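Each chain is listed here by its residues.
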Amino acid sequence: MTRQALVEPTVRTFLDGFRDQVELAPHAPAVTQERTTLTYGQLDRRSNALARHLRAAGAAPDALVGLMLERSPEMLVALLAILKTGAAYVPLDPAFPTARLALMVDDARPAAIVTESAQLDRLPADVNAVCLDRDAAAIADRSEEAIEIAQRGTCAYAIYTSGSTGRPKGVEITHASVLNLLESFRAVPGMRSSDVVLAHTTLSFDIAVIELWLPLFTGAQIVLAGRSRGTDGRAIADLLTKRQLTFMQATPSLWRVVLDAGWHDGRGLTALSGGEPLSRDLADALLHTGAEVWNVYGPTETTVWSSISRVTANGPVLIGHPIRDTRFHIVDEQLREVPEGEIGELCIGGAGVARGYLNRPDLTAERFVPDPFSREPGDRLYRTGDHARSRGSAGFECLGRIDHQIKIDGFRIEPGEIEAILSMHPSVRHSIVCAVDKAGGDRRLVAYVAHGSLAPPPQADLIALARTHLPSYMVPAAFVMLSELPRTPNGKLDRGALPAPDWSGGLPGRAAATPRTTIEERLLSMWRDVIGVEAIGIDDNFFDIGGRSRLGAQIFARIEREIGARLPLATLFEAPTIAALAREIETKANASLLWRSVVPIRATGSGAPVFCVHPVGGNVLAYGDLARRLEPAVACYGLQAVGLDGVAAPLTSVEAMARRYVEEIRSIQPRGPYHLCGFSFGGLVAFEMARRLRREGETVGLLALLDVDFPDYPRIPPFTWLSRSSTFRRSIFPIVQRARRHMRSLRRLGVRGYAKLAVRDAAVVENSDQFWLIAERVRKANTRAAIHYVPRWYDGRVTYFRAQHAGVTRDRRALWTTLARDVEIVDVAGGHSDLRLEPQVQIVAREILRRLNLEGSATRVA
């Protein structure tokens with residue numbers, strides 16, 4: 001049954017609707033991310049203070065203000081603050097290359113840019129930057145009282161899309177257009193205050209409006225996924241289950257990834273699919289989960305989605321009927337409507353039509369034309385460039401592009417923009433970029449490069465050039481070198497004669513070594529299936545051909561299921577090729593006898609190595625990006641958890657882990673200085689290792705803690721002096737600490753919550769591979785160890801890397817100084833998990849090398 005909104009107040013703009021929700025339920029949760037929740041009242045007050053600060057910085061009605069923040073509740077505070085000044089926001093994705101950001105800033109000329117100090121070096125020097133971290137004190141001094149919202153200009157946001165001329169173009173969307181969309185979707189498919197909505201889409205993709213604006217307009221709760229989780233199918237599947245989400249939109253590509261991750265219970269979920277054609281088999285798979293499935297369609301120029309259709313088991317998959325105050329016309333080349341059932345170009349009119357392209361009157365006049373079917377003066381149609389036809393009462397059917405525009409993972413890509421970038425290489429005479437379908441429906445960008453009489457340009461050069469100027473989703477997956485592009489007899493490009501690409505896995509010029517044994521053959525088959533690359537050789541490095549920890553986990557689960565060998569994931573660092581991995585399987589008949597916690601991640605480097613302690617999951621693959629960024633300046637070793645072999649029992653205390661790991665690192669490095677690093681839970685163990693080494697007379701050169709949660713007991717200021725008493729720490733406070741944790745858990749989950757966890761864990765035990773059961777056993781042991789750990793004073797220096805959007809609002813510096821003589825804070829933009837991932841890991845690596853006096857010797861660190 002279609003869910004309808006409970007209340008439909010009459011409002012003028014989105015901000016009026018949001019203010020209504022603040023007045024109705026100020027204490028209701030508005031946005032949640034990991035450990036942080038902001039209520040509607042808190043979100044309103046904090047955005048009021050920031051809006052006042054932005055006004056003083058130059059934000060004004062109908063001006064443009066850049067928004068360059070990682071995904072966090074602070075991003076939502078900033079978005080609302082910009083709107084409250086009357087200005088429109090321009091999303092500047094921190095993941096975009098610096099060159100592309102410069103183009104966007106130069107075109108938009110924003111009055112200010114809301115960002116963080118860590119991002120300043122990626123912006124032009126002359127911008128008016130409002131840094132939330134640097135200006136925090138000034139913002140805090142502003143009044144949080146209800147702000148008199150400035151006379152709102154007509155523009156709500158300007159979002160940049162790929163441009164056919166080689167430059168991105170900004171689309172200006174008005175408040176009236178957004179309001180029409182919100183009112184329509186509040187009614188169909190329906191959203192109300194009881195809904196819990198997953199927001200996983202980057203702000204630079206316009207469908208984020210549905211995930212952020214619509215919930216705040218209707219009083220629903222937003223569950224905000226960080227960048228690293230936003231495209232991770234397993235992470236999204238976990239959120240769908242654990243957070244009991246009721247509303248989620250995604251592209252068909254992402255829905256497939258979520259289904260492949262094992263998600264199968266969609267009961268109570270409204271699932272929107274858009275951005276790409278929804279196939280019949282995927283629609284059936286989504287319906288099979290029990291979800292209510294809707295297919296949506298719309299270009300950025302007509303405000304996110306322009307039509308919607310409820311998908312059923314037996315009916316056709318159409319784009320459906322236009323939303324409220326929206327008109328569809330199927331026309332011929334002279335803009336005359338064609339009869340029902342005939343194919344023509346889809347043109348869209350009505351309230352959703354954008355103002356036009358920012359600073360591009362010529363392009364605006366070309367795509368936004370006078371509406372010949374309207375009697376209202378000034379009405380316009382947007383020419384979508386899509387072939388479509390009317391299916392009568394059933395709705396409309398979209399049949400693909402008239403031109404060569406591409407849609408991949410929901411992103412609209414103009415091939416001309418990529419071709420313009422590739423033409424910057426001196427050996428490229430011409431190029432054509434198109435989408436090629438691989439087996440299984442996977443679409444990849446392919447660049448056909450004509451070099452004429454010159455030598456073919458190295459593929460590595462073209463990849464580097466593309467990555468410098470284009471976002472990652474616009475970098476071709478394959479390059480085909482040709483002396484000339486194929487032409488028809490009349491000189492036009494013959495796209496049908498373009499050769500099929502050779503999916504060589506990004507290792508051109510190297511012959512793929514063939515398997516020699518049965519095990520190598522079986523491993524090769526697994527790698528091809530999981531990584532999606534055909535021409536893999538047994539000597540190709542897992543990480544060089546696109547392998548990551550999630551894919552490694554899938555491969556090792558298959559190794560255990562199909563071959564019967566049980567290996568820890570960290571084996572990939574010691575044996576990253578099929579040949580080496582096959583030798584591990586053949587020689588380690590009893591892995592427990594050969595088990596070591598310390599494993600080389602990158603074993604080459606000058607000076608003392610950095611030892612990285614596993615996070616709560618027990619594996620050390622989390623440090624792969626960091627190790628690559630530290631090379632070649634310093635070697636990097638990982639410390640994996642005891643018990644990952646499935647034979648030995650996991651260690652159950654932080655102290656026992658520290659004792660074991662100190663013994664093992666001494667087998668690699670007999671004497672100090674020792675350099676230790678720990679992410680999250682691993683930081684607690686690294687801290688205890690540092691204490692043990694100092695107590696034994698060794699030197700600790702570096703103790704780097706990567707967003708490590710602070711132990712409970714010093715959070716009560718009156719107990720700070722008492723916490724340093726050894727008698728108190730050994731006797732009374734561990735009991736108090738555990739009791740407080742237990743009571744918080746009871747309050748948070750309640751009896752029902754514990755029952756659900758028990759049911760979920762039982763399902764895991766019954767349905768999962770042994771590989772996952774072992775990992776879960778280790779994770780639980782590490783979690784218990786963290787709960788019972790009571791740290792003691794460390795007479796040394798701590799370098800603390802703090803994720804600015806990790807959901808921790810307390811002052812970690814003040815807390816950590818209760819346990820260490822000297823604590824240095826390094827703020828890094830992003831969420832908790834982002835510190836170990838690109839691009840934020842570059843900052844972590846650079847700061848580590850700086851403290852080791854090796855900054856200049858690591859040429860790979862950006």
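Now for a description of the structure that goes with this document.

The rules we used
- Residues numbered from 1 in each chain as written.
- Predicted model: local features only at pLDDT ≥ 70, side-chain atom pairs only at ≥ 80, totals over all residues.
- Heavy atoms only, no water.
- Helix = DSSP H or I, 4+ residues; strand = E, 2+ residues; numbered from the N terminus.
- Buried < 20%, exposed > 50% of the residue type's maximum accessible area, 1.4 Å probe, protein only.
- Contact = heavy atoms within 4.5 Å.
- Areas by Shrake-Rupley, 256 points an atom, 1.4 Å probe, with all protein chains shown as cover.
- Pairing = 2+ DSSP bridges.
- Axes fitted to C-alpha atoms, helices over the stretch in contact; angles between N-to-C directions.
- Disulfide = S-S within 2.5 Å.
- Expected span 1.5 Å × (residues − 1).
- Parallel < 35°, antiparallel > 145°, perpendicular 65-115°, else oblique.
- Right-handed = clockwise from strand over helix to strand, strands pointing away.
- Phe/Tyr/Trp six-rings, centres within 6.5 Å; stacked < 30°, edge-to-face > 60°.
- Lys NZ or Arg CZ within 6 Å of the ring centre and 35° of its normal.

## Concerning the overall build of the protein chain
In step 1: In terms of regular secondary structure, the protein chain is built from 27 helices and 33 strands.
In step 2: Residues classed as buried in the protein chain amount to 57% of the 862 residues present.
In step 3: Within the protein chain, counting contacts between residues at least 6 apart in sequence, those at least 24 apart form 70% of the total.
In step 4: Surface accessibility of the protein chain: about 35200 Å² in total, with carbon and sulfur atoms responsible for 51%.

## Some points on the environment of A500
In step 1: Looking at where A500 falls in the secondary structure, it is placed in the loop between β26 (478-482) and α15 (518-531).
In step 2: Through-space distance from the C-alpha of A500 to that of V446 is 9.3 Å; in sequence the pair is 54 residues apart.

## As for the sheet that holds strand β33 (residues 820-828)
In step 1: What the 7 strands build is an open sheet, ordered β27-β29-β28-β30-β31-β32-β33; its pairing is mixed. Each having just a single partner strand, β27 (598-602) and β33 make up the two edges of the open sheet. Going across the sheet, the axis of each strand differs from the next one's by a mean of 25°, ignoring polarity.
In step 2: Here strand β32 (residues 794-803) pairs with β33 via 8 bridges, running parallel. The residue bridging Y794 from the neighbouring strand is A820, located in β33.
In step 3: On the sheet, helix α27 (residues 840-851) packs against β31 (700-706), β32 and β33 and is oriented at approximately 145° with respect to β33.

## Observations regarding the state of the cysteines
In step 1: All chains considered together, the criterion is met by 0 disulfides.
In step 2: In this model C612 remains outside any disulfide bridge; the closest cysteine sulfur is found in C636, 3.6 Å from its own.
In step 3: The class for C612 is buried, based on a relative accessible area of 0%.

## Remarks on helix α3 (residues 73-84)
In step 1: Between its first and last C-alpha atoms α3 spans 17 Å; for 12 residues at 1.5 Å apiece the expected length is 16 Å, and the two agree.
In step 2: Of all 12 residues making up α3, 11 are buried, and the element is well covered by its neighbours.
In step 3: Two residues or fewer past α3, G86 is found with a positive phi of approximately 90°.

## Notes on helix α13 (residues 415-422)
In step 1: Taking burial as the measure, the 8 residues of α13 include 7 buried ones, the bulk of the element.
In step 2: Residues P415, G416, E417, I418, E419, I421 and L422 constitute the buried set of α13.

## Quick notes on the packing of α3 against helix α7 (residues 208-218)
In step 1: Look at α3 against α7: their axes get within 12 Å of each other, and the N-to-C directions meet at 70°. The orientation of α3 relative to α7 falls into the category roughly perpendicular. Contacts between α3 and α7 pair M75, L76, L79, L80 and L83 from the former with L212, W213 and L216 from the latter.

## Observations concerning unusual backbone geometry
In step 1: With an omega dihedral of 10°, the bond running from V188 to P189 counts as a cis peptide bond.
In step 2: Mapped onto the elements, P189 comes out in helix α6 (residues 175-190).
In step 3: Going from G672 to P673, the amide bond is cis rather than trans, its omega being 5°.
In step 4: Note on placement: P673 falls in the loop between α20 (654-668) and β30 (674-679).
In step 5: Of note in this structure, D62 is not a glycine but carries a positive phi near 70°.
In step 6: Relative to the helices and strands, D62 is located in the loop between α2 (40-56) and β3 (64-67).
In step 7: Phi is positive for D325, which is not a glycine, with a value near 50°.
In step 8: One can find D325 in the loop between β15 (321-322) and β16 (326-331).

## So, the pairing of strand β13 (residues 292-297)
In step 1: When you tally the buried positions in β13, you get 6 out of 6 residues, the bulk of the element.
In step 2: Neither face of β13 is exposed, since E292, W294 and V296 on one face and V293, N295 and Y297 on the opposite face are all buried.
In step 3: In terms of strand pairing, strand β12 (residues 270-273) meets β13 through 4 bridges, oriented parallel. When the sheet's bridge partners are listed, A271 is paired in β13 with V293.
In step 4: For the crossover that starts at β12, traverses helix α11 (residues 280-288) and ends in the parallel β13, the hand is right-handed.
In step 5: Both β13 and strand β14 (residues 307-310) contribute to a ladder of 4 bridges, which runs antiparallel. The residue of β14 that forms the bridge with W294 is R310.

## Focus: the packing of aromatic side chains
Two aromatic rings, taken as a pair, are described by how far apart their centres are and by the angle between their planes.
In step 1: Considering all chains together, one arrives at 13 aromatic pairs under this definition.
In step 2: Ring centres 6.2 Å apart and planes at 40° place the aromatic pair Y89 and W213 in the tilted group. Of this pair, Y89 sits in strand β4 (residues 88-91) while W213 is found in helix α7, placing the two residues 124 residues apart along the sequence. Of the two residues, Y89 and W213, both sit in the buried class.
In step 3: Judged by centre distance (5.5 Å) and plane angle (65°), the rings of Y357 and F368 are edge-to-face. Here Y357, found in strand β18 (residues 356-357), pairs with F368, found in strand β19 (residues 368-370); they are 11 residues apart in sequence, far enough to count as distant. Taken as a pair, Y357 and F368 share a single burial class, namely buried.
In step 4: In this structure an aromatic cluster arises from ring pairing among F14, F18, Y40, Y89, Y157 and W213.
In step 5: Geometry around F96 places R100 over its ring, the cationic atom sitting 5.6 Å from the centre.

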